[in-house]
Amino acid sequence: MSEFKNVILEIADSVATLTISRPAALNALNSETLDELNAALSEIEADSNVRAVILTGGPDKKGDAFKSFVAGADIGEMSTLSKAEGEAFGKKGNDIFRRIETFPVPVIAAINGFALGGGCEISLSCDIRICSENALFGQPEVGLGITPGFGGTQRLARVVGVGKAKEMIYGARNIKADEALRIGLVNSVYPAEELMPAAQKLAATIAGNAPIAVRACKKAINDGLDASMDDAIVIEEKLFGSCFETEDQRAAMANFLEKDPEKKLKKVPFQNK
Ligand code: CO8
């Protein structure tokens, strides 16, 4: 596994944990970090044993593990960009965040503190968001003279609704974990120390299910949301069909039909085949 400067990649028990770690800048995303994230995603994708990914933020320079998830794109790096460079930086972030959104296996954002600007946006590209009680979400860009540029104007509205997204973006208003839960920005809120165990439990549950089917579910939901209902159900039919004749489908259904209760209750160890 590669060594990165601003990203830590760990893979264990079919779960990859990707930690963004720039302690001096509250894990703000500069170009180097975005490149490393992309390279780490390639490593994860090349490992067919990985069945779920957890994305989180590392501790700050004082060692506080719950200060920041990602405090946005790096303002220092952005401050001198030309129009063309600004657009290119937006494209770099958008390409990587879209890769996360369409990544073959589910990605869980474990949001352990500030999720501002690009931090909120990277979490929006993940399949599932859970956070610690102290998490803070927001799109403060208009206070810096820019728009959200890593997908925030698009994904926030899709997740929390147009009215809420516009209120948050136009007003550069940060929201706390309880409000994030109420408006559906996160699925669950945990006391800080319980966040990573909860993320690991969720990832392990996903990893324990049939991987080909889980991947097909992600693709069906994502692709279907971009299509008309008529096209979306065809997308589902094709992906549903693709699960048949897999070893996992055969084994799981045979297990269900098993008469011996001892064998029936034993969970199928899915082979990803
Ligand atoms: N970029 C660069 N450095 C940062 C960032 C950031 N986004 N956030 C924090 N830091 C640095 C600080 O400069 C500081 O460095 P130093 O110790 O060298 O002075 C260090 O991290 C610690 O930060 P603070 O001392 O400010 O810590 P506080 O606890 O006092 O405050 C805050 C924490 C509230 C999170 C504060 O740091 C803050 O407001 N940060 C900026 C948050 C923000 O506005 N984020 C959005 C940025 S814009 C964006 O993400 C756009 C995405 C789309 C880009 C599209 C490109 C075209």
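Residues numbered from 1 in each chain as written. Predicted model: local features only at pLDDT ≥ 70, side-chain atom pairs only at ≥ 80, totals over all residues. Heavy atoms only, no water.

Focus: the environment of Cys131
- Position of Cys131 among the secondary structure elements: in strand S7 (residues 128-132).
- Apart from residues lying up to four places away in sequence, Cys131 is in contact with Ile111, Phe137, Ala177, Val186, Ser188, Val189, Tyr190 and Leu195. (Helix = DSSP H or I, 4+ residues; strand = E, 2+ residues; numbered from the N terminus. Contact = heavy atoms within 4.5 Å.)

Some thoughts on helix H6 (residues 162-171)
- Among the residues of H6, Ala165, Met168 and Ile169 are the ones counted as buried. Summarising the axial view, the buried residues of H6 lie within an arc of 90 degrees, below the 170-degree limit, and thus occupy one face. Facing away from the buried surface of H6 by more than 90 degrees, the exposed residues are Gly163 and Tyr170.
- Where H6 is buried, its residues meet strand S8 (136-138), helix H5 (152-160) and strand S9 (175-176).
- Remark: Ala172 follows H6 within two positions and exhibits a positive phi of approximately 50 degrees. (Buried < 20%, exposed > 50% of the residue type's maximum accessible area, 1.4 Å probe, protein only. Arc of directions from axis to C-beta.)

So, the packing of aromatic side chains
- Scanning the model with the defined rule gives three aromatic pairs in all.
- Their ring planes at 75 degrees and their centres at 5.2 Å tell us that Phe97 and Phe150 sit as a pair that is edge-to-face. Of the two residues, Phe97 is situated in helix H3 (residues 83-101) and Phe150 in the loop between S8 and H5; the sequence distance between them amounts to 53 residues. Accessibility classification places Phe97 together with Phe150 in one group, the buried group. (Phe/Tyr/Trp six-rings, centres within 6.5 Å; stacked < 30°, edge-to-face > 60°.)

A look at the environment of Asn112
- Relative to the elements of secondary structure, Asn112 occurs in the loop between strand S5 (107-111) and strand S6 (114-116).
- Spatially, the C-alpha atom of Asn112 lies 7.5 Å from that of Asn134, the residues being 22 residues apart in sequence.
- Polar contacts involving the side chain of Asn112 include one to the main-chain carbonyl oxygen of Gly57, which spans 2.7 Å. (Polar contact = N/O pair within 3.5 Å; in protein donor to acceptor, adjacent residues only side chain to side chain.)

Side note on the pattern of salt bridges
- The final tally for this structure, using the stated rule, is 13 salt bridges.
- The partner of Asp74 in a salt bridge is Arg22, with the nearest N and O atoms 2.8 Å apart. Placement of Asp74 in the loop between strand S4 (68-70) and helix H2 (75-78) and of Arg22 in the loop between strand S2 (15-20) and helix H1 (31-46) is noted, with a sequence separation of 52 residues between them. Across the pair, exposure class does not vary: Asp74 and Arg22 are buried alike.
- Put simply, Arg155 and Glu101 hold a salt bridge, and the shortest N to O gap is 2.8 Å. (Salt bridge = Lys/Arg side-chain N within 4 Å of Asp/Glu carboxyl O.)

Some words on the site of the ligand
- The environment of the ligand is made up of 26 residues, and the closest members are Lys61, Lys67, Ala71, Ala73 and Gly118.
- Here Lys67 contributes a side-chain N or O atom positioned 2.6 Å from an oxygen atom of the ligand.
- In this structure, a nitrogen atom belonging to the ligand sits 2.8 Å away from a main-chain N or O atom of Ala71.
- When the ligand is considered free in solution it has 1100 Å² of accessible area, and contact with the protein chains removes 64% of it.
- If you list the elements that add at least two residues to the shell around the ligand, you get H2, H3, S6 and helix H4 (118-124). (Near = heavy atom within 4 Å. Areas by Shrake-Rupley, 256 points an atom, 1.4 Å probe, with all protein chains shown as cover.)

A word on the pairing of strand S3 (residues 52-57)
- Along S3, six of the six residues are buried, which leaves the element largely enclosed by surrounding structure.
- The pairing of S2 with S3 spans six bridges and is classified as parallel. Directly across from Val15, in S3, lies its bridge partner Ala52.
- Between the parallel pair S2 and S3, the chain is carried across by H1, and the sense of this crossover is right-handed.
- Relative to S5, S3 runs parallel, the two being bridged by four bridges. For Thr56, the partnering residue across the bridge sits in S5 and is Ala110. (Pairing = 2+ DSSP bridges. Right-handed = clockwise from strand over helix to strand, strands pointing away.)

Notes on the packing of H1 against H3
- Put simply, H1 and H3 touch, their axes get as near as 10 Å, and they point 25 degrees apart. As the angle between them shows, H1 and H3 are arranged roughly parallel. Between H1 and H3 lies a crossing whose hand is left-handed. For the pair H1 and H3, the contacting residues are Ser31, Leu34, Asp35, Asn38, Leu41, Ser42 and Glu45 in the first and Phe89, Lys92, Gly93, Ile96, Phe97, Arg99 and Ile100 in the second.
- In terms of residue class, the contact of H1 with H3 is built from six nonpolar, four polar and four charged. (Axes fitted to C-alpha atoms, helices over the stretch in contact; angles between N-to-C directions. Parallel < 35°, antiparallel > 145°, perpendicular 65-115°, else oblique. Left-handed = near helix turned anticlockwise from the far one by under 90°. Nonpolar A, V, L, I, M, F, W, Y, C, P; charged D, E, K, R; others polar.)

Re the confidence of the model for the protein
- Averaged over all residues, the pLDDT of the protein is 97; the fraction at 70 or higher stands at 100%.
- Within the protein, S5 carries the highest mean pLDDT (99), whereas helix H12 (residues 261-265) carries the lowest (79). (pLDDT = per-residue confidence, 0-100.)

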